[in-house]
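# Coordinates in review
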Amino acid sequence: MAAKQKISVTQPGKVDGTLLFLEIAQILEKTLDMERIVNPIMECISKHLLARHATMTIFNRATNEVQIEAALGLTPQQTSRGRYKLGEGVTGKVAQSGDPMIIKKTLESPLYLNRTERATGEMSFICVPIKAGKNVIGTLSVDRDYDDTTDLNSLSDALQIVASLVAQAAEIRRQAQENSHKLEEENQLLREQLKDRFRPSNIIGTSHEMQEVYDQIAQVSSSATSVLIQGETGTGKELVAAAIHYNSDRSDKPFVKAHCAALPENIIESELFGHVKGAFTGATGDRKGRFELADGGTLFLDEIGEIPPSIQIKLLRVVQEREFERVGDVKTIKVNVRLIAATNKDLQAMSAEGKFREDLFYRLNVFPIFVPPLHKRKSDILLLADHFLEKYSRDSGKDVRRLSSEVIDMLYSYHWPGNVRELENMVERAVLLTEGDVVYPHHLPPTLQTAEATGRRPESSLKESVDSFERDLIVDALKSTRGNMASAARSLKTTQRIFGYKVHKYGIDAKKYVG
């Protein structure tokens, strides 16, 4: 019976582990930059361990996967397929357990996934962990043609020594990848924030009620005081929160938003405070919560009145102490976060009824700001409508320039239960329906065309309705042509004589539209 090949310096012509370790040590003496040393190391492993392929993977904590960092003998397409979740296949199990694995015959093992499609015959596969202390940071693996005389245990021992030699370089590489990933996340967050960066000057409105809001924003922006923004749904509370953040000294830090009403009760704690791996079913890795993501910046909690009582006590502690623990962890995390909350409910009344913690309410209500409903700031309606008209006309590629006089009257007469959000949706709909450059009453939704919404009597005759519509067309034409009678007549495809007759009939003063 043939003796098994032993990896030893005493067997000339066979794999010499000593030379392998010496060459790798010499490579590492020059630099620990993984990009520069990984290919020479793979070549050394392949040469001395007689490997057909040699592969190094790095564990990515963000994705909870191990993925190929470098591979000798694989194409870039094959390498890109080398991603394994913890416990998946041989590589995933080694990364999960921290123990080496030997697959004597790959064709007979269900654990050998061959995801990179490297196998073309019976091979032996050895995979060992790369560790930094007790933590697995990657794996090192080789495969070679199956030979019953090869001592695979001895080969595994040699590969583990190599893994210990490259561990420091692998850890540096993993940290660099994580820092790069974190930087990309921060850049993406910044890009999303800058896309629609709100400041007080970008909040539409010149009414006295809104000027009071602007003054309060200016007063509180320079401090780290908690703010409670109150107002009906659709009034623009999130815009006010963003304006406070972007006019503060935290403007270059994250502005993180959490809509409490949209978060299911069973995950809201994890969303706000984060969790550690194994904290509950499905927690496959550590995850930061909104408070950690907002560290150094501002956290906006919308619809704070929807937070369940079990979370309110934990939120109170964070508001008071600026510290918390992730779900499933005992380590206390301290954060520097400016908290802004918003609600459309009467929290004080809820506190009196026992539905909201009174102490939490007073902690949040340090600086209250009330955003008025749209029907209380009617002088802003036309400004807002024109702003949305320009926005959606541009977005849809149309040339809708203005609202007809009758439409303006209808906007002022309506009570706007949905506030600014309803007005925006109405204008967007009207732009989509408009074929010309003017929005007319029939482009508006039925709620604005009822007698209650318009304030008009439904008993008007057909002649009165036609006359009203005709007068509206003439006024619109005069507005478009800046009072030029001839141009207005041409735009309506009629003669100047008939147009002049109609102007006189309806008592329209064309001069007021000049210029």
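Numbering of residues starts from 1 in each chain and follows the order in which that chain's sequence is written. This being a predicted model, a pLDDT of at least 70 is required before a residue's local features are given, and a value of 80 or more before pairs of side-chain atoms are given or counted; all residues contribute to the totals for chains, interfaces and linings. Just so you know, side-chain values use all the structure's heavy atoms and leave hydrogens and water out.

## Here we look at the overall build of the chain
Broken down by element type, the chain carries 20 helices and 15 strands. Burial statistics for the chain: of 515 residues in total, 46% are counted as buried. Sequence-distant contacts, at least 24 apart, represent 66% of the contacts inside the chain between residues at least 6 apart. Accessible surface computed for the chain: about 26500 Å², of which carbon and sulfur atoms make up 50%. In this description a helix means any DSSP run of H or I spanning at least four residues, a strand means any run of E spanning at least two, and both kinds are numbered starting from the N terminus. Relative accessible area decides the class of each residue, using a 1.4 Å probe on protein chains only: under 20% of the type maximum gives buried, over 50% gives exposed, and in between gives partly exposed. Throughout, a contact is declared for two residues whenever any of their heavy atoms are within 4.5 Å. Accessible surface area values rest on a Shrake-Rupley calculation with a 1.4 Å probe, where residue burial reflects the displayed protein chains alone.

## Topic: the side chain of threonine 434
Along the chain, the position of threonine 434 falls in the loop between α15 (419-433) and β15 (438-439). Beyond its immediate chain neighbours, meaning those up to four positions away, threonine 434 contacts Lys398, Val400, Val439 and His443.

## Things to note about the environment of leucine 384
With respect to the secondary-structure elements, leucine 384 resides in helix α13 (residues 381-395). Judged by relative accessible area, leucine 384 falls into the buried class, the value being 4%. Residues leucine 384 and glycine 205 lie 179 residues apart in sequence; the distance between their C-alpha atoms is 7.2 Å.

## What about the nonpolar core?
In this text, buried Ala, Val, Leu, Ile, Met, Phe, Trp, Tyr and Cys residues form a nonpolar core when linked through side-chain atoms within 4.5 Å. Judged by nonpolar contacts, the single largest core of 32 residues is most densely connected at Ile24, Ile41, Met42, Ile45, Ile130 and Leu140. For this core, the element with the highest residue contribution is helix α5 (residues 152-195), accounting for ten residues. Discounting residues that sit within four places of it in the chain, leucine 140 has contacts with Met42, Ile45, Thr55, Met56, Ile126, Cys127, Val128, Ile130, Leu159, Val162 and Ala163. Counting 31 residues, the second largest nonpolar core, distinct from the first, contains Ala294, Ile311, Val319 and Leu364.

## Notes on the packing of α13 against α15
Each axis is a line fitted through C-alpha atoms, taken for helices only over the stretch in contact, and angles between the N-to-C directions span 0 to 180 degrees. Axis separation between α13 and α15 bottoms out at 9 Å; the angle between their running directions is 45°. The angle between α13 and α15 falls in the class oblique. Two packed elements cross with a definite hand, and for α13 against α15 that hand is right-handed. The segment α13 lies against α15, with Ile381, Leu384, Ala385, Phe388, Leu389, Lys391, Tyr392 and Ser393 engaging Val420, Leu423, Glu424, Val427, Glu428 and Val431. Ten residue types, Ala, Val, Leu, Ile, Met, Phe, Trp, Tyr, Cys and Pro, are classed as nonpolar, four, Asp, Glu, Lys and Arg, as charged, and the remainder, Gly among them, as polar. Among the residues forming the contact of α13 with α15, the class breakdown is ten nonpolar, one polar and three charged. Angles are sorted into four bins: roughly parallel if under 35 degrees, roughly antiparallel if over 145, roughly perpendicular if 65 to 115, and oblique for all others. The hand of a helix crossing depends on one turn: near helix anticlockwise from the far one by less than a right angle means left-handed, and clockwise means right-handed.

## Looking at the environment of phenylalanine 388
With respect to the helices and strands, phenylalanine 388 occurs in helix α13. A relative accessible area of 6% places phenylalanine 388 in the buried class. The residues touching phenylalanine 388, leaving out its near neighbours within four places in the chain, are Val420, Leu423, Glu424 and Val427.

## A look at the sheet that holds strand β13 (residues 367-370)
Two strands make a pair as long as DSSP finds a minimum of two bridges between them. Read across the open sheet, the five strands follow the order β8-β9-β12-β7-β13; overall the sheet is parallel. Each edge of the sheet is formed by a strand with only one pairing partner; in this case those strands are β8 (255-259) and β13. When the angles between neighbouring strand axes are averaged without regard to direction, this sheet yields 20°. Where strand β7 (residues 227-230) lies against strand β12 (residues 338-343), four bridges are found, and the strand directions are parallel. When the bridges of β12 are listed, leucine 228 appears paired with alanine 341. Each of β7, β12 and β13 touches helix α6 (residues 208-221); the most contacted strand, β13, lies at about 155° to it.

## Quick notes on the sheet that holds strand β3 (residues 83-85)
Strands pair in a sheet through their backbones, by hydrogen bonds, and they do so in one of two ways: parallel or antiparallel. Strand order in the open sheet made by the six strands is β3-β2-β1-β6-β5-β4, with antiparallel pairing throughout. The sheet is open, and its two borders are formed by β3 and β4 (101-103), each paired with just one other strand. Recorded for the sheet is a direction-independent mean angle of 20° between the axes of neighbouring strands. Pairing geometry for strand β2 (residues 65-72) and β3, over three bridges, is antiparallel. Residue pairing for β3: glutamate 65 is matched across the bridge by lysine 85.

## A word on the pattern of salt bridges
Note on definitions: salt bridges are taken to be side-chain nitrogens of Lys or Arg within 4 Å of carboxyl oxygens of Asp or Glu. Applying the stated criterion across every chain yields a total of 27 salt bridges. Here glutamate 292 ties to arginine 326 by a salt bridge, and the two come within 2.8 Å at their closest N and O atoms. Here the residue glutamate 292 occupies a position in helix α9 (residues 290-293), and arginine 326 occupies one in the loop between β10 (323-325) and β11 (332-334), the gap between them amounting to 34 residues. Classification of glutamate 292 as buried rests on a relative accessible area of 15%.

## Examining helix α20 (residues 496-505)
For α20, the set of buried residues is Phe499, Lys502 and Val503. All buried residues of α20 lie within an arc of 100° about the axis, which places them on one face of the element. Across from the buried face of α20, at angles greater than 90 degrees, the exposed residues are Arg497, Tyr501 and His504. Buried residues along α20 sit in contact with α18 (462-480) and α19 (485-491). Positive phi shows up at glycine 507, right after α20, with a value of about 65°. Taking the helix axis as origin, the arc is that swept by the directions to the C-beta atoms.

## What about the pairing of β12?
Most of β12 sits out of view: six of its six residues are buried. Residues Arg338, Ile340 and Ala342 of β12 are buried on one face, and the alternating residues Leu339, Ala341 and Thr343, pointing to the opposite face, are buried as well. Both strand β9 (residues 298-302) and β12 contribute to a ladder of four bridges, which runs parallel. Paired with threonine 298 across the strands is arginine 338, a residue of β12.

## Considerations on unusual backbone geometry
One non-glycine residue with positive phi stands out, namely arginine 322, at about 55°. Residues other than glycine seldom take positive phi values, yet tryptophan 416 does so here, at roughly 50°. Overall, the relative accessible area of 0% leaves tryptophan 416 in the buried class.

## Some details on the confidence of the model for the chain
Summary statistics for the chain give a mean pLDDT of 84 and a share of 90% for residues scoring 70 or more. When the criterion is pLDDT under 50, residues 1-14 qualifies, and its contacts beyond four places in sequence or with other chains add up to 26 contacts. The model gives residues 451-456 a pLDDT under 50, and that stretch makes 13 contacts with residues more than four places away or in other chains. Within a predicted model, pLDDT stands for the predictor's per-residue confidence, ranging from 0 to 100.

## Considerations on the packing of α13 against helix α14 (residues 405-413)
The contact between α13 and α14 brings their axes to 10 Å, and the two run at 125°. Classified by the interaxial angle, the pair formed by α13 and α14 is oblique. In the crossing of α13 with α14, the sense of the turn from one axis to the other is right-handed. Contacts from Ile381, Leu382 and Ala385 in α13 reach Ile408, Leu411 and Tyr412 in α14. The residue makeup of the contact of α13 with α14, split by class, is six nonpolar, no polar and no charged.

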